[in-house]
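Per-entry structural report
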Amino acid sequence: MATTADIKNGVVIEYNNDLYVVIDFQHVKPGKGPAFVRTKLRNVRTGKVLDNTFSAGHKITTARVEQRPHQFIFKDDLGYHFMDLNTFEQVALDEAMVPFADLMKEGQEVTILYHAENETPLTCEIPPFVELTITYTEPGLKGDTATNASKPAIVETGATIQVPLFIGQDEKIKVDTRTYSYAERVK
């Protein structure tokens, strides 16, 4: 058992008979009334995000999870297939268990969370930044850079990302997978 003081980003807790990952939390101490912790929780199985407020000192149950490195191999009708980099065993995950799957390319290294008690895979986490090549984007017009304008670009995985006007086709960019946005140009 833990308390709300132990809540941190990335902690997996048991809540409403399901497992949730803490995405964001904020400890609030209003001038009047008791303190509380405002959280954003993502359901491990469905991927849905819910906002919840715990009163300060509330008892929570943390789940024991292990992070194991895997490599994305391919996608087919059964889901996404990964290979454990330590044991070389293959694991297939449903599409709901792989958030931001359209930013993964074959050979991408990811982390899969496993429930420590029953050895079942819970969710897949991709790195915070991935490098992708732009396959199609409209050419930027000279002189359109007065404001922080952006245009849509399709990357090699098929995802559409908003990029600045100066980015052209066949350029490599770094994409922030947490916000689904352009981060920088790769040299």
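Only a predicted model underlies this, so the values are computations on that prediction, with no experimental measurement involved.

**Digging into the overall build of the chain**
Counting its secondary structure elements, the chain contains 0 helices and 16 strands. Overall, the chain is about 55 × 50 × 25 Å in size when its C-alpha atoms are taken along their principal axes. For the chain, with 187 residues in total, the buried portion stands at 37%. Look at the contacts in the chain between residues 6 or more apart in sequence, and 44% of them connect residues 24 or more apart.

**Things to note about the pattern of salt bridges**
As enumerated under the stated definition, the model contains 7 salt bridges in all. With its nearest N and O atoms 3.0 Å apart, the salt bridge here joins Glu171 to Arg185. Taken together, the residues Glu171 in the loop between β14 (160-164) and β15 (172-176) and Arg185 in strand β16 (residues 181-185) connect sequence positions 14 residues apart. Owing to a relative accessible area of 22%, Glu171 belongs among the partly exposed residues under this scheme. Residue classification places Arg185 among the partly exposed positions, given a relative accessible area of 38%. Here the residues in one salt-bridge network are Glu66, Arg68 and Glu119, joined through shared partners.

**With respect to unusual backbone geometry**
Positive phi outside glycine occurs at Asn16, with the angle close to 55°. Mapped onto the fold, Asn16 is located in the loop between β2 (12-15) and β3 (18-28). Of note, the phi angle at Phe88 is positive, near 65°, even though the residue is not glycine. Positionally, Phe88 belongs in the loop between β8 (79-84) and β9 (90-93). Overall, the relative accessible area of 57% leaves Phe88 in the exposed class.

**Looking at the side chain of Lys151**
Residue placement: Lys151 occurs in strand β13 (residues 150-155). Buried and unpaired, Lys151 has Glu171 as its nearest opposite-charge partner, separated by 7.6 Å. A polar side-chain atom of Lys151 sits 3.2 Å from the main-chain carbonyl oxygen of Leu165.

**Regarding the nonpolar core**
Soluble globular proteins tend to bury their nonpolar side chains together. Judged by nonpolar contacts, the single largest core of 27 residues is most densely connected at Phe82, Leu93, Val98, Leu103, Met104, Val163 and Ile173. Breaking this core down by element, the ones donating at least two residues are β8, β9, β10 (109-115), β12 (129-137), β13, β14 and β15. Apart from the residues within four sequence positions on either side, Leu103 is in contact with Ile126, Val130, Leu132, Thr157, Ala159, Ile161, Val175, Thr177 and Tyr180. Ile7, Val11, Phe54 and Ile60 belong to the second-largest nonpolar core, a separate cluster that totals 10 residues.

The rules we used
Residues numbered from 1 in each chain as written. Predicted model: local features only at pLDDT ≥ 70, side-chain atom pairs only at ≥ 80, totals over all residues. Heavy atoms only, no water. Helix = DSSP H or I, 4+ residues; strand = E, 2+ residues; numbered from the N terminus. Buried < 20%, exposed > 50% of the residue type's maximum accessible area, 1.4 Å probe, protein only. Contact = heavy atoms within 4.5 Å. Salt bridge = Lys/Arg side-chain N within 4 Å of Asp/Glu carboxyl O. Lys, Arg positive; Asp, Glu negative; His and termini not counted. Polar contact = N/O pair within 3.5 Å; in protein donor to acceptor, adjacent residues only side chain to side chain. Core = buried A, V, L, I, M, F, W, Y, C linked by side-chain atoms within 4.5 Å.

The quantities given are spatial measurements derived from coordinates; they are silent on function.
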